[in-house]
Amino acid sequence: KAKPNDLIALSEKLAPIANAPANVIERLAQDNEATIAGPVLAKSPALSDATLTNIASNKGAGHLLAIASRARIDEPMTDLLINRAGPDAAAVLHKIAGNENARVSHVGFVKLINVAKRDQKLAKLIAGRGDLPAELEPFLKLLG
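Residues numbered from 1 in each chain as written. Predicted model: local features only at pLDDT ≥ 70, side-chain atom pairs only at ≥ 80, totals over all residues. Heavy atoms only, no water.

### Details of the confidence of the model for the chain
Item 1. Here the chain averages 93 in pLDDT, while 97% of its residues score no lower than 70.
Item 2. The lowest-confidence element of the chain is helix H10 (residues 137–142), averaging 83 in pLDDT; the highest-confidence one is helix H3 (residues 34–43), averaging 97. (pLDDT = per-residue confidence, 0-100. Helix = DSSP H or I, 4+ residues; strand = E, 2+ residues; numbered from the N terminus.)

Listed below in structure tokens is the structure:
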């Protein structure tokens with residue numbers, strides 16, 4: 001049986017490789033230990049949207065944080081991450097708001113702004129985005 005440190009090293013090595021063995025990438029991504037799954041979840045172009053959706057729907061905050069770090073995230077995935085993270089997983093919400101390559105839906109922005117009422121760092125990250133819908137800007141300005 002592979003040792004955790006060996007699996008982390010394998011995950012880090014295979015993560016950026018587009019044609020990495022799909023079965024190995026899938027196995028690493030689905031590992032319950034976020035330190036093993038994280039590099040692949042954050043960087044692997046070989047992961048399917050279905051696999052990412054399944055993991056984002058069923059795994060914990062460490063997995064969500066890694067997915068929120070991806071170079072490109074579409075609106076359905078961002079919405080799923082925001083909904084799963086909730087207001088208690090600030091690190092995930094901060095990562096999404098700070099990731100200019102994360103497409104955020106109108107509803108996603110509303111949810112982020114609602115959490116930002118109690119989170120100044122999140123409010124600043126949202127304010128720094130270039131894609132905040134104009135009609136939501138006044139709500140963000142109310143936060144200070």
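### Observations concerning the nonpolar core
Item 1. Ranked by size, the top nonpolar core spans 46 residues in total, and within it Leu41, Ile67, Met77, Leu81, Ile96, Leu122 and Ile126 carry the most contacts.
Item 2. Residues in contact with Ile67, not counting those within four places in the same chain, are Leu41, Leu52, Ile55, Ala56, Ile73, Met77 and Leu81. (Core = buried A, V, L, I, M, F, W, Y, C linked by side-chain atoms within 4.5 Å. Buried < 20%, exposed > 50% of the residue type's maximum accessible area, 1.4 Å probe, protein only. Contact = heavy atoms within 4.5 Å.)

### Notes on the pattern of salt bridges
Note on pairing: side chains with opposite charge can pair once their charged atoms come close.
Item 1. Considering all chains together, one arrives at three salt bridges under this definition.
Item 2. Put simply, Asp131 and Arg103 hold a salt bridge, and the shortest N to O gap is 3.1 Å. Of this pair, Asp131 sits in the loop between helix H9 (120–127) and H10 while Arg103 sits in the loop between helix H7 (90–98) and helix H8 (106–116); the two residues are 28 residues apart in sequence, bridging distant segments of the chain.
Item 3. Across the pair Asp131 and Arg129 runs a salt bridge whose closest N-O atoms are separated by 2.9 Å. (Salt bridge = Lys/Arg side-chain N within 4 Å of Asp/Glu carboxyl O.)

### Some thoughts on the environment of Ala29
Item 1. Mapped onto the fold, Ala29 is located in helix H2 (residues 22–29).
Item 2. Residue Ala29 is classed as buried on the basis of its relative accessible area of 0%.
Item 3. For the pair Ala29 and Pro39, spaced ten residues apart in sequence, the C-alpha separation works out to 8.3 Å.
Item 4. Ala29 has contacts with Ala37, Val40, Leu41, Leu47, Ile55 and His63, leaving out every residue within four places of it along the chain.

### Things to note about the packing of helix H6 (residues 75–85) against H8
Item 1. With their axes 9 Å apart at the nearest point, H6 and H8 run at an angle of 30 degrees to one another. Overall, the two elements H6 and H8 adopt an arrangement that is roughly parallel. Along this stretch, H6 crosses H8, giving a crossing that reads as left-handed. Residues Asp79, Ile82 and Asn83 of H6 form the contact with H8, whose own contacting residues are Gly108, Lys111 and Leu112.
Item 2. Across the contact of H6 with H8, the residue classes tally to two nonpolar, two polar and two charged. (Axes fitted to C-alpha atoms, helices over the stretch in contact; angles between N-to-C directions. Parallel < 35°, antiparallel > 145°, perpendicular 65-115°, else oblique. Left-handed = near helix turned anticlockwise from the far one by under 90°. Nonpolar A, V, L, I, M, F, W, Y, C, P; charged D, E, K, R; others polar.)

### Observations regarding helix H1 (residues 4–14)
Owing to its 3.6 residues per turn, the α-helix brings residues three or four apart onto one side.
Item 1. All of the buried residues along H1 are Leu7, Ile8, Ser11 and Leu14. End-on view of H1: buried residues confined to an arc of 140 degrees, all on one side of the axis. Structural note: H1 exposes Asn5 and Lys13 on the side pointing more than 90 degrees away from its buried face.
Item 2. The inward-facing, buried residues of H1 abut H2 and H3. (Arc of directions from axis to C-beta.)

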